[in-house]
Amino acid sequence: MKKLLVVIAAALMSSGLFAQAAGNWVAYSDEEGNGGSSTAVATENNGTVNFSGTVTTQYQYGYAGIRTDDASFIEALKSAKGIKLTVKGDGKKYSVRVETTDRPDYCFHQFTFPTSGSNKTFEIPFTRLTQEPWGKAAKFDPSKIKTVSIHTVGQPIPQYSLDIVKLELLK
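Residues numbered from 1 in each chain as written. Predicted model: local features only at pLDDT ≥ 70, side-chain atom pairs only at ≥ 80, totals over all residues. Heavy atoms only, no water.

K.L.:
What's the story with the packing of aromatic side chains in this structure? I'm lost.
P.N.:
How two aromatic rings sit relative to each other is set out by the distance from centre to centre and by the angle between their planes. By the definition in use, this model includes eight aromatic pairs. Put simply, the rings of Phe51, Tyr94, Phe111, Phe113, Phe122 and Tyr160 pair up and form one aromatic cluster. (Phe/Tyr/Trp six-rings, centres within 6.5 Å; stacked < 30°, edge-to-face > 60°.)

Below is the structure:
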């Protein structure tokens, strides 16, 4: 049985989005931009983090995601070669974004991955990250990492559910 650890934030996060937290993960969506997407985050007893909800087209670019800015993980990630991510999904695509302080235009570097109903592990060296298709192109600089997020891809999505089984450093 899932142990739901959903906490509604009393204030908007620095990004201006309504957020919920579970452990070191914070969920966000287009809800504060008058979008209709929803998101929830929960932690199971075994540590797996589930992120689920819906993505609508009420906001021009409907979205939902979760992020971690756990200080010790982020600091260690700056000297790693990348990320090792184990997920169990719903057959939809998601992206893992490595967000840096030098991208004020949200044009982050990311890796898009497919999911299935069984665990799948992705080893993602920083060299495999590609920049989002807007904003000014910039070289990825690991020393400027501020957070890691996992984001839905596309819209509308009537229902999504992704389990983050493990997020590790790729050494």
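K.L.:
Help me understand the side chain of Thr152 in this model?
P.N.:
Within the secondary structure, Thr152 is located in strand β13 (residues 145–152). On the basis of relative accessibility, which here comes to 6%, the residue Thr152 falls in the buried class. Every residue in contact with Thr152, bar those within four places of it in the chain, is listed here: Phe51, Val55, Tyr63, Ala64, Lys93, Tyr94, Ile157 and Tyr160. (Helix = DSSP H or I, 4+ residues; strand = E, 2+ residues; numbered from the N terminus. Buried < 20%, exposed > 50% of the residue type's maximum accessible area, 1.4 Å probe, protein only. Contact = heavy atoms within 4.5 Å.)

K.L.:
Hey, could you run me through the pattern of salt bridges in this one?
P.N.:
Taken as a whole, this structure holds five salt bridges when the rule is applied. Glu123 is paired through a salt bridge with Lys84; the nearest N and O atoms lie 4.0 Å apart. Taken together, the positions of Glu123 in strand β11 (residues 120–125) and Lys84 in strand β8 (residues 82–88) put the pair 39 residues apart, joining distant regions of the chain. On the basis of relative accessibility, which here comes to 46%, the residue Glu123 falls in the partly exposed class. Glu99 serves as the salt-bridge partner of Arg97, at 3.4 Å between the closest nitrogen and oxygen. (Salt bridge = Lys/Arg side-chain N within 4 Å of Asp/Glu carboxyl O.)

K.L.:
Please clarify how the layout of surface pockets should be interpreted in this entry.
P.N.:
Rolled over the atoms, a probe sized like a water molecule indicates the empty space that remains. Space inside the second largest pocket adds up to approximately 190 Å³. Per-element tally for the lining of the second largest pocket: the top contributor is strand β14 (residues 157–170), with four residues. Its residues assigned to classes, the lining of the second largest pocket shows six nonpolar, three polar and two charged. (1 Å grid on protein atoms, 1.4 Å probe; cavity = no way out; pocket = protein on both sides within 12 Å on 5 of 7 lines; lining within 4 Å. Points joined across faces, edges and corners; volume = space filled by probe spheres on them. Nonpolar A, V, L, I, M, F, W, Y, C, P; charged D, E, K, R; others polar.)

K.L.:
I keep staring at the nonpolar core and nothing clicks. Help me out?
P.N.:
The nonpolar side chains of soluble globular proteins are, as a tendency, buried together. By size, the foremost hydrophobic cluster in this structure holds 33 residues, and its most contacted members are Phe51, Ile66, Leu85, Val96, Phe113, Ile150 and Ile164. No other element matches β14, which puts five residues into this core. Non-local contacts of Phe51, meaning those with residues more than four positions away in its chain, are made with Thr39, Ala40, Ala64, Gly65, Ile66, Tyr94, Ile150, Thr152, Tyr160, Ser161, Leu162 and Ile164. (Core = buried A, V, L, I, M, F, W, Y, C linked by side-chain atoms within 4.5 Å.)

K.L.:
Would you mind going over the environment of Ala27 with me for this structure?
P.N.:
Its location among the elements puts Ala27 in strand β4 (residues 25–29). Distance from Ala27 to Thr68, taken between C-alpha atoms, is 9.1 Å for residues 41 residues apart in sequence.

K.L.:
Would you mind showing me how to read the side chain of Thr48 here?
P.N.:
Within the secondary structure, Thr48 sits in the loop between β5 (38–44) and β6 (49–55). If we ignore the near neighbours within four places in the chain, the residues touching Thr48 are Ala42, Thr43, Asp163, Ile164 and Val165.

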